Amino acid sequence: MNRPVLLISTKYRRSLLPLLAVSGSLLAAGAAAQTSNVISERDYLADMPVVLSVSRLSQPLDETPGAVTVLDHDFIARTGARDVADLLRWVPGFQVSTSFESVAPLVSYHGAFDSYSNRMELLIDGRSVYSPYFIGSIGTGLQTVALQDIERIEVLRGSNSAAYGARAMLGVINIVTRHTADTLGAQGSLAVGENGVRDVQARFGWGNQGGTFRIDADRRGDDGLHGANGKNQVDRVNLRADLIPRAGDELQLGLGGYSISSGRGFAGNIDNLLRPMGFDSGYAKIDYKHSLTVDEDISLRFSHSQESYQDQFPYALTNVNPAYGVNDIYIINAGGQASSDVLTVQHGLRRSETQRLVWGGEFRSERVKSIGLYNTDSSFVTNFTRLFGNLEWRPAQHWLLNAGGLFEHSSVTGDTLAPRAMVNWHLGSGQTLRFGVSKAFRPPSTFEESANVHFVFAKPSGYSGNFDITNVKSSGQLQPETMVAKEIGYLGEFPKWRMSLDVRLFDEQMKGFIRQQNSVLPKDYANTDDVSIRGGEYTLKWQPWSGARVMFNQSYTTIDTLSYYPTATVGTPWAAPKVASSLVYSQKLPADLELTLMQADSGTATLAGSGYKSRVAMTRTDVRLAKAVRWGASKGEVALVLQNLGQPYQDYFPAFTFERRAFVTLMLQD
Amino acid sequence: MRRYWRCLCWALALSLGGTAAQAQQRVVIVSSVGSAAYATMAKSMVEVLASRGVVSSDIVQLGASQMAARLQSALSLQPLIFVAIGSEATQLLSSARLSVPVLSTLIPRRNFERILQSAGRVPGSQLNALYLDQPLRRQLALIHVALPQAKRVGVLLGPDSAFELPRLRSLAAAKGLTLRDAEIASSDALFAGLHRVLEDSDVLLAVADPLVLNTLTIQNILLTSFRGRIPMVAFSQAYVRAGAALALYSDPAQVGRQAAVYVLEVLRGNALPDHAIEPDDFEVEVNQHVARSLGLSLDAQALRLTLRRLENLP
């Protein structure tokens, strides 16, 4: 008797199905028909791997431990923004500068206190991208990905050190890039217009079941603010791969880099001469997720990133002493390098129907090197060891408690513990109230802790020896800044009226604000003011009629300082405007047209690069008109964008203004 | 004394001779192997039969290989009805020319029809099946009741499920739903088809087809549909565990209970129905975690009762 064993193709991973052949051609014909592509009860009875396991399920908005604003892919395209920083002006409570003076456009939440925004955390696909070189600033990190690669930006307004790490004092910006499986094929875009706007971008994605890949390269260039130094250009390339090594596992690989070339300084300012500046950054990362069961999963992440900053300028020594000749020039070099390595392990566990726990550990090593800033060729190494955890607990039917904490040990500044608790109360019919309190820290950055800026140059001819002027010398006595934030939030969804309202009332108390003491040389850093930030902000989303989408934001902020130093010229209370509003209105029109009107108004506030003396209000109106187009098998969009239809406004420095700009964009994809 | 011993010998002979020697078997159950579901179904069917007076000695349970051996040898069985569980057993019994009705169970409709075609048989009261797959109208009714705001139903069809398309279209239209379909001819075409369908759908209806839905493809399909905030409505508990928001299925115990009813009819002297038999009892399962993440509020029990009420079932 024949007993062929039919091996179902291993491609489909079935178990061996022994099929007995009773003699008879009829049955043999039947056996031949039983190929792997044929339906049987196996399709109904077989087990499937767990795909959407506990950590893969995002929290719905009414369960997030804080106010979250989500800017999705579609919204990003509609605003006509050319930088991620430009998008954040549509999130309530944010201050945005488009200047490249502090290396890249800046965003801050609840106050642009200084020229580097380092009180917020910026994550790209879970990888923290603040700059160790620039005292933790997120400006450069915002340039990492091209806008076309972004799936959505989630902004958590409020302190969340407990989940995201030490710098999440005022908030967290989480950029999620598009999954490679969603960007298969070719896509490209161009922007051309006034003010030297020249952007070009190309992307290609490929792959199949086992893995999908994408490479995206782009260049973004323009002439920058009027009065600022020179052209701003960013060149980027990013590669991403999403692989499924085994059912239930995901492996993500990323590699990329960007290069910013721009200019700093301005004419007539001898301390900040006009000069070119360059910043390069590269990264490699690997992200592995494994589902153990439907209620348990683990993930492992490793990333390495490097940055290098080039900035030198000639300083005429005649400014120091008229005895110098015109040819006595001293090159001030503010350049250097930094790198970081991070390893994170995370475990997600659903302990019961009412409890979900996510916890893990992270080791991060940062190295900064700059002769100009630290007066040494060796690297400053800071190692962080972190333990974090968050428990989601539903004690009763309409109540959710998120309780978490982050313990951090820094090799330089010791231990901190940042706890956070937030209660969400579902009142019913789409309404939720939130109450929470959290504590956060910002450890002093390498520069604030160890700066040692010397200017060493020969004395004028006729004298012997050198001048050794110490410009900045940190005494290294700094404590981390601490923040205790309390908030009450409300989220209401009204599907009948196609409306949703998100309100956040906050009381953020910061102690030990680290500030450079400029009144005496050498400048030192010290923990100075206590800063209190109180107020409220809300977002109203509405779809009033077919094809229309409205988003209206308002924020009311009052900043007070209790200063331990003479405060006459401290601009801190004006770091955020007392009132700011923004509106984005999109309307779909016939003939595949879409019109978007955007308006941003901000009360008096200090400019990011200057202090007390320059406080300005700002208003800006943008318009975008887009038309969907087809070209052969490709589809795309052509759009006209007009930025700042009104009067020019000051941005970053009083001397820099944002003039009106018009440009045309074209996007095509298969 | 001698009579006593003769009775004893006779009793021994009977027991040693095995079930094949019994002249009283009325039901023969032939089960495929490889899944606990077959045994669960058989057990529940036997329980119902037992409660209606069919004793265990009336029932013979065999694996498909044992049955094949029986068919080869002279030890034939003459029950009043054969019940085949699974496609392996159905394959076997449909090729053997049996003079007794055969009820095939735990088998999808398409598979049953294919087996019969290759065996040169036609379905009828001599050879009929209780299908495992839920009627399409019930699946669309579930979508309508559970996701009332979903107006566009996306579906991916492979070579073995493409035949469902016309029926799907007309049923969807009758319910005021638009169907967004893609036919996948090979696994390379899956991604493109999946994106095309998801771009324009509010819900993804899973239709069984080993080319489209298997342990390799399920990850991409669930992750992609979840990213697009599109729930999947599937046809087994395993899919709900994997991440489908909803599933509509008959569990093997329910199938066993329904099969028992038809077996009893035949034992009473009536014939099997000559038309397709659809499952009349079913379960609805919800993945509450996925549902919550998608902002859906679903009650599995309530949905099941609503569906039963709609079909005028108790």
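Up top is the structure.
A few points on the structure.

Quick word on the overall build of chain B
Within chain B one finds 13 helices and 11 strands. Taking the principal axes of the C-alpha coordinates as reference, chain B spans close to 85 × 40 × 30 Å. Considering chain B as a whole, with its 314 residues, one finds that 58% of them fall into the buried category. Within chain B, contacts between residues at least 6 apart in sequence are counted, and of these 72% link residues at least 24 apart. Of the roughly 13,100 Å² that chain B leaves accessible, carbon and sulfur atoms contribute 54%.

A few points about the environment of R292 of chain B
Relative to the helices and strands, R292 of chain B is located in helix α12 (residues 288-293). A residue is classified by how much of its surface remains accessible, and R292 of chain B, at 28% relative accessible area, is partly exposed. Ignoring any residue separated from it by four or fewer positions in sequence, one finds R292 of chain B in contact with P60, E63 and R394 of chain A.

Description of the sheet that holds strand β11 (residues 283-286) of chain B
All names here are of chain B. Read across the open sheet, the 6 strands follow the order β7-β6-β8-β9-β10-β11; overall the sheet is mixed. Looking along the sheet, the strands with just one partner apiece sit at the ends: β7 (178-183) and β11. With direction set aside, neighbouring strand axes in the sheet form an average angle of 20 degrees. Each of β10 (246-249) and β11 touches helix α13 (residues 300-310); the most contacted strand, β11, lies at about 150 degrees to it.

Thoughts on the packing of aromatic side chains
Residues and elements named next belong to chain A. All told, the structure shown has 26 aromatic pairs over all chains when counted by the stated rule. With centroids separated by 6.0 Å and ring planes inclined at 65 degrees, the aromatic side chains of Y330 and F455 adopt a geometry described as edge-to-face. With Y330 in strand β17 (residues 329-333) and F455 in strand β24 (residues 452-458), this residue pair connects regions lying 125 residues apart in the sequence. By relative accessible area, F455 is classed as buried at 17%. An aromatic cluster is present here, built from Y116, Y133, F134, Y258, F279 and Y309 joined pairwise through their rings. Above the ring of F663, the side-chain terminus of R82 is found at 5.7 Å from the ring centroid. In this structure, R615 is placed above the aromatic ring of W574, and the distance from its NZ or CZ to the ring centre is 4.4 Å.

A closer look at the side chain of D249 of chain A
Residue and element names in this part refer to chain A. Mapped onto the secondary structure, D249 falls in strand β14 (residues 249-264). Overall, D249 belongs to the buried group, its relative accessible area being 2%. A distance of 2.9 Å separates the side chain of D249 from the side chain of Y288, its partner in a polar contact. Reaching out from D249, the side chain makes a polar contact with the side chain of H290 at a distance of 2.4 Å.

Details of the interface of chain A and chain B
Across the boundary between the two partners, chain A contributes 55 residues, which contact 61 residues of chain B. Buried surface at the junction of chain A and chain B, both sides included, amounts to about 5,300 Å², of which 60% is carbon and sulfur. For chain A, the biggest contributors to the area lost against chain B are Y44, M48 and Q209 of chain A; these three give 15% of the whole. The tally of links from chain A across to chain B stands at 3 salt bridges.

As for the sheet that holds strand β3 (residues 81-85) of chain B
By way of backbone hydrogen bonds, the strands of a sheet pair with one another, either parallel or antiparallel. Residues and elements named next belong to chain B. Read from one edge of the open sheet, 5 strands run β2-β1-β3-β4-β5, paired in parallel fashion. Looking at strand neighbours, the two that pair on one side only are β2 (59-63) and β5 (127-131), the edges of this open sheet. When strand polarity is set aside, the average angle formed by the axes of neighbouring strands in this sheet is 20 degrees. Across 5 bridges, the pairing between strand β1 (residues 27-31) and β2 is parallel. Each bridged residue has a counterpart across the sheet, and for V28 the counterpart in β2 is V60.

Some words on unusual backbone geometry
All names here are of chain A. Cis rather than trans, the peptide bond between L521 and P522 has omega equal to -10 degrees. Following the sequence through the fold, P522 ends up in the loop between β28 (514-517) and β29 (524-527). The backbone phi angle of H110 is positive, close to 65 degrees, even though this residue is not glycine. Here H110 is to be found in the loop between β5 (106-109) and β6 (120-124). With a relative accessible area of 1%, H110 lands in the buried category.

Remarks on the nonpolar core
If you look at the biggest cluster of nonpolar residues, it comprises 94 residues, and the most contacted ones within it are M45, L156, L213, I221, M232, Y239 and V263 of chain B. By residue number, the principal contributor to this core is helix α2 (residues 36-51) of chain B, which donates 8 residues. Beyond its immediate chain neighbours, meaning those up to four positions away, L156 of chain B contacts A182, I184, L190, G193, L194, V197, L205, V207, V212 and I221 of chain B. With 46 residues, the next largest nonpolar core counts F75, L88, F513 and A575 of chain A among its residues.

Quick look at the pattern of salt bridges
Residue and element names in this part refer to chain A. Counted by the stated rule, this structure contains 60 salt bridges over all chains. Taking the shortest distance from any N to any O, the salt bridge between D199 and R82 comes out at 2.7 Å. Within this pair, whereas D199 is found in strand β11 (residues 198-208), its partner R82 is found in the loop between α3 (73-79) and α4 (84-87), the two being separated by 117 residues in sequence. Overall, R82 belongs to the buried group, its relative accessible area being 10%. As a salt-bridge pair, R434 and D502 come within 3.8 Å of each other at their nearest N and O atoms. Within this pair, whereas R434 is found in strand β23 (residues 431-442), its partner D502 is found in strand β27 (residues 499-511), the two being separated by 68 residues in sequence. The burial state of R434 is the same as that of D502; both residues are buried. A network of salt bridges, in which partner residues are shared, links R82, D83, D199, R220, D222 and R661.

About the criteria used
Counting from 1, residues in each chain are numbered in the order their sequence is written. Both sets of labels track the order of writing: A upward for chains, 1 upward for ligands. For this predicted model, a pLDDT threshold of at least 70 governs which residues receive local features, and a threshold of 80 or more governs which side-chain atom pairs are given and counted, while totals over whole chains, interfaces and linings are taken from all residues. Excluded from the side-chain calculations are hydrogens and water; all other atoms, namely the structure's heavy atoms, are used. Each helix corresponds to a stretch of at least 4 residues labelled H or I by DSSP, and each strand to a stretch of at least 2 residues labelled E; elements are numbered beginning at the N terminus. In this scheme, a residue with accessible area under 20% of its type's maximum is buried, one over 50% is exposed, and one in between is partly exposed, where area comes from a 1.4 Å probe on protein chains only. Any two residues having at least one pair of non-hydrogen atoms within 4.5 Å are treated as being in contact. Accessible surface area values rest on a Shrake-Rupley calculation with a 1.4 Å probe, where residue burial reflects the displayed protein chains alone. Strands are labelled as partners when DSSP assigns at least two bridges between them. Think of each axis as a best-fit line through the C-alpha atoms, taken over the contacting stretch in the case of a helix, with angles from 0 to 180 degrees between the N-to-C directions. We call Phe, Tyr and Trp rings a pair once their centres come within 6.5 Å, taking the six-membered ring for Trp, and we label the pair stacked below 30 degrees between planes, edge-to-face above 60, and tilted otherwise. Two conditions define a charge sitting above a ring: the NZ of Lys or the CZ of Arg must be within 6 Å of the ring centre, and it must be within 35 degrees of the ring normal. Two N or O atoms count as a polar contact when they lie within 3.5 Å, although within protein this holds only if one can serve as hydrogen donor and the other as acceptor, and sequence-adjacent residues are included solely when both atoms are side-chain atoms. Note: buried area is the sum, over both parts, of the accessible area (probe 1.4 Å) each one loses when the two are combined. The salt bridge definition used is simple: a Lys or Arg side-chain nitrogen within 4 Å of an Asp or Glu carboxyl oxygen. Within this scheme, the nonpolar core is defined by two criteria: the residues are buried Ala, Val, Leu, Ile, Met, Phe, Trp, Tyr or Cys, and they are joined through side-chain atoms within 4.5 Å.

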